[in-house]
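What the coordinates show
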Amino acid sequence: MAFPDGVQVVTLTAGANGYRTLDGDAYQGAIRLTPSVPRVVSAEHGIIALGTVNIAIGASGQFTEDPELLAIDAEGFEPSGWTYRVDEEFTNAPGRAYSISLPAADPSVSLPSLAEVESDTGTVYAPALLSVNGETGIVTGLLEAVSNLSDVADPTTARSNLAAAPTATVQGRNPLTGHWHPEAYGAAGDYSTDDTAAIQAAIDACSAAGGGVVRLGRHVVSGSGAHPKTGVPLRGIPGYSKIKNSTSNSAISSSATCSDIGFEDFTIEGPVTEIPTVPKRTRTTSGPGTTFGIWLTGDLDPNSPGAPVITNVTIRNVTIRNTTELPIRLFGIRGRTVVEVCFFFNCKDAGWGFCETVECLDNFSLKSSDNGLSLSRGNGQVTCNGNTVRLAAYNGIWLSGFLGSAGPSDFACSGNTVQAVGHCGILLQDAPKNGAVTGNLIDKQLIRGDSTAPTDDYIFGIMIRGNSTTPSTPGSSVAYGLRVADNVIYAAPRAGVSIDGATACVVEDNLIQDC
């Protein structure tokens, strides 16, 4: 991002030799840099919002563009002394996650030369409370509500207010933003202390007041995690907010009837430590931790009698990393179920089942230990557009039934990219019906199964199969009313498109090469 003139920045490079392994090979993939604070503020420049910076690595190991990053001690800004988190997301080697410091004294540095430091949110010289008309709210709210401290007519009064005693009582609802904060109910927000009760108290209070936004920071939960309530979206700060379960359970799960719930702009982290470079089913973990990122089960799921009614769910710009089970599991949801612009990394498959309407848009699944995206049994009115799946152990996109239940109906699967997956690029099995699979790019790269279980079955670009027997059992369930057209399919070991157990299906105008 561009900073105002005069603001101290640091240019980060890959060094003269590029970003390379100890053997001298250039790393391939990308690096993400995330500030440990969401924003900084100064009297001269006002508020500068910070966010994640993505750096692509070129073939020579050099960055395709050397980013300019705000110095962690830029003159006049608070807090000062914070850090950047580096997430290496290589496609040819395991990556690391660590923190670095970028002081203004070194205006140009190479990332390979930097030493790892402890993560730090820096020092704020003004305490964290602000008095406004007799009420109090956390400084995050102030930063969201004003554009410059000079807007306060009396600077002396402003500084006096910022120096309010740290023991002042924080109200649950921020008077400036209208948001509710778990810290007001005792959350430590240090990503170590169990904040489950405080988060739930904020959700409950917000719901009792008629709804609103609960703003997440950095939290640990336990048990079945946080439980959503009607009209109370959970929203974080991109690149800063994150949540994990310290026990082997979900970070967020449903427990009661609710509607119009949402999750946005935060990260969920799990305990998986192994990051494979090829499609692989099994993974190692560091111990107990987040299993499912978001688990919501509503009454339309026939396998969950007594489940509550859940209506209208939106998940947007949520990153879920290293969970041992599905990053999201959305079953039996009424109304709209929208998941868009999310990143699922090193988990199992993002999964939907028995939902009335599914919109899966512009998401990225990388290194799943199962399918990439599973739009599974009983879903209706499915839109799966613009997603990317890479290095999934099984199928890229699963538009199929499961355990005897028929696959989705009335679906469109278009404009997706599937690369280097273990099994099929797109699988249509167990009687999916009335759907179109068009305009997708599938590059199988001649991969035959996941690395721990090579196979000569299910290694097609696109596979249509009436049921899961091999071959499909005559007279049993069939795929019906499907159109597969205008797809580009490369390097599928068995065939570009395979059809078995289908009726009234059309396959036309696909480009199939090296299959």
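Up top is the structure these notes are about.
Residues numbered from 1 in each chain as written. Predicted model: local features only at pLDDT ≥ 70, side-chain atom pairs only at ≥ 80, totals over all residues. Heavy atoms only, no water.

1. Thoughts on the nonpolar core
- Counting residues in hydrophobic clusters, the biggest one holds 61 residues, and the most contacted among them are Phe263, Ile315, Ile328 and Trp352.
- When residues in this core are grouped by element, the largest group, 4 residues, is from helix H3 (residues 196–208).
- In contact with isoleucine 315, other than residues within four places in its own chain, are Phe263, Ile294, Ile328, Leu330, Val338, Val339, Glu340 and Cys342.
- By size, the runner-up hydrophobic cluster in this structure holds 33 residues, among which are Val10, Ile55, Leu69 and Leu111. (Core = buried A, V, L, I, M, F, W, Y, C linked by side-chain atoms within 4.5 Å. Buried < 20%, exposed > 50% of the residue type's maximum accessible area, 1.4 Å probe, protein only. Helix = DSSP H or I, 4+ residues; strand = E, 2+ residues; numbered from the N terminus. Contact = heavy atoms within 4.5 Å.)

2. A closer look at unusual backbone geometry
- Glutamate 78 connects to proline 79 through a cis peptide bond whose omega is -5°.
- Locating proline 79 in the fold gives a position in the loop between strand E6 (68–70) and strand E7 (80–82).
- Despite not being glycine, glutamine 381 has its phi angle at roughly 55°, a positive value.
- Its location among the elements puts glutamine 381 in strand E31 (residues 380–385).
- Phi at aspartate 486 takes a positive value of approximately 60°, unusual for a residue other than glycine.
- Position of aspartate 486 among the secondary structure elements: in the loop between strand E42 (479–485) and strand E43 (488–490).
- Judged by its relative accessible area of 41%, aspartate 486 falls in the partly exposed class.

3. Details of the packing of aromatic side chains
- What the rule picks out here adds up to 10 aromatic pairs.
- Between tyrosine 19 and phenylalanine 63 the ring centres are 6.2 Å apart and the planes differ by 55°, which places this aromatic pair in the tilted class. Placement of the pair is tyrosine 19 in the loop between strand E1 (9–13) and strand E2 (29–35) and phenylalanine 63 in the loop between strand E5 (53–57) and E6, with a sequence separation of 44 residues. Of the two residues examined, tyrosine 19 and phenylalanine 63, each falls in the buried class.
- A cation over a ring is seen here: arginine 329 above tryptophan 295, with NZ or CZ 4.3 Å from the ring centre. (Phe/Tyr/Trp six-rings, centres within 6.5 Å; stacked < 30°, edge-to-face > 60°. Lys NZ or Arg CZ within 6 Å of the ring centre and 35° of its normal.)

4. Section: the state of the cysteines
- This model, assessed by the stated rule, comprises 0 disulfides.
- Note on cysteine 342: no disulfide assigned, nearest cysteine sulfur contributed by cysteine 360 at a separation of 8.8 Å. (Disulfide = S-S within 2.5 Å.)

5. Section: the pairing of E2
- Within E2, 5 of the 7 residues are buried, leaving the element largely enclosed by the surrounding structure.
- Sheet topology note: the E2/E5 ladder contains 5 bridges and is antiparallel. Across the sheet, residue glycine 29 finds its bridge partner in E5, namely isoleucine 57.
- When E2 meets strand E8 (residues 84–90), the two strands line up antiparallel, connected through 7 bridges. Paired with alanine 30 across the two strands is glutamate 89, which belongs to E8. (Pairing = 2+ DSSP bridges.)

6. Structural notes on the pattern of salt bridges
- This structure, assessed with the given rule, holds 19 salt bridges.
- Between arginine 316 and glutamate 340 there is a salt bridge, with the nearest N and O atoms lying 2.6 Å from each other. In this pair, arginine 316 sits in strand E22 (residues 310–316) while glutamate 340 sits in strand E25 (residues 334–340), placing the two residues 24 residues apart along the sequence.
- Judged by its relative accessible area of 31%, arginine 316 falls in the partly exposed class.
- Note on glutamate 340: relative accessible area 17%, which makes it buried.
- Through salt bridges with shared partners, a single network forms among Arg32, Arg85, Asp87, Glu89, Glu269 and Arg321. (Salt bridge = Lys/Arg side-chain N within 4 Å of Asp/Glu carboxyl O.)

7. Details of the sheet that holds strand E23 (residues 319–321)
- Within the open sheet, the 11 strands sit side by side as E15-E17-E20-E23-E26-E29-E32-E35-E38-E43-E47. Their pairing is parallel. Each of the sheet's edge strands pairs with one partner strand only, and the pair in question is strand E15 (218–221) and strand E47 (511–513). On average, each strand axis in the sheet is inclined to that of its neighbour by 10°, with strand direction left out of account.
- Across 3 bridges, strand E26 (residues 343–345) lies against strand E29 (residues 364–366) in parallel orientation. Counted as the bridge partner of phenylalanine 344 is serine 365 from E29. (Axes fitted to C-alpha atoms, helices over the stretch in contact; angles between N-to-C directions.)

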